[in-house]
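Spelled out from the first residue to the last, the chains are:
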Amino acid sequence: MAGHDWLVGADRRTAAAERIYAAATDLVVRDGLDALDIDALAARVHCSRATIYRHAGGKTEIRDAVLARAAARIVETVAQSVAGRSGAERVVAAIGAALQRIRADPLGQLMVGSMRGTQEMTRLAASPMLAGFARDLSGLSDDDRQAAQWVVRVMLSLLCWPVEDAEAERQIVERFVAPAFVTGGSGFAPDS
């Protein structure tokens, strides 16, 4: 809206945060997560550093919000693609859709490209947030954390060491992952 002051109005906190996060996403995609700079962000949004801190927090909070927003977009897309599926079919579909979406998303590409070393991979593999996404998207029961962490590890492996093509990747997941998730077996909620 031309001439609209984004810092004026009843919902200015939300509008300011949205504008800051959108600009931060652009900067992170362009320069990388570690290069996020509050001064550059303030210049991009045409506000002061204080406004950035007041409405979005510091670097850590902004980076976390940018990643959480990207993850939410990916999760939403994957959830739509697995709706109505259950059991091993759902796990295979969830893994395939998630890999495709992560690889297509600029922030997903950035995250995959920034995975360096065993320590970071171990931290990601043990992430309760990623395990929660895997659990929800795969239809796993809440009490089977090991199955969710295993799905995360499979995903990380395929992201770091991709298979030659999507069809071969799907066949590998169907052959080696799906049998671990037979309907009625360990890992599935009763209604999945």
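These remarks concern the structure in this document.

### So, the side chain of E169
Here E169 shows up in helix α10 (residues 166–177). According to the relative accessible area criterion, E169 is buried, its value standing at 7%. Once you skip the residues sitting within four places of it in the chain, E169 turns out to touch L99, R103, L158 and V163.

### Description of the layout of surface pockets
What the largest pocket holds in volume is close to 950 Å³. Residue lining of the largest pocket: 36 residues in total, with A71, M111, L124, M129 and L130 positioned closest to the centre. Those elements giving two or more residues to the lining of the largest pocket turn out to be α4 (59–82), α5 (87–104), α6 (106–114), α7 (117–125), α8 (128–138) and α9 (145–160). Among the elements that take part in the lining of the largest pocket, α4 stands out by supplying seven residues, more than any other. Its residues assigned to classes, the lining of the largest pocket comprises 27 nonpolar, four polar and five charged. For the second largest pocket, the calculated volume is near 300 Å³. Residue lining of the second largest pocket: 16 residues in total, with V92, G96, A166, E169 and R170 positioned closest to the centre. Where the lining of the second largest pocket is concerned, the elements lending two or more residues are α5 and α10. With eight residues, α5 is the single largest residue contributor to the lining of the second largest pocket. Considered class by class, the residues forming the lining of the second largest pocket number seven nonpolar, two polar and seven charged.

Conventions adopted
Residues numbered from 1 in each chain as written. Predicted model: local features only at pLDDT ≥ 70, side-chain atom pairs only at ≥ 80, totals over all residues. Heavy atoms only, no water. Helix = DSSP H or I, 4+ residues; strand = E, 2+ residues; numbered from the N terminus. Buried < 20%, exposed > 50% of the residue type's maximum accessible area, 1.4 Å probe, protein only. Contact = heavy atoms within 4.5 Å. 1 Å grid on protein atoms, 1.4 Å probe; cavity = no way out; pocket = protein on both sides within 12 Å on 5 of 7 lines; lining within 4 Å. Points joined across faces, edges and corners; volume = space filled by probe spheres on them. Nonpolar A, V, L, I, M, F, W, Y, C, P; charged D, E, K, R; others polar.

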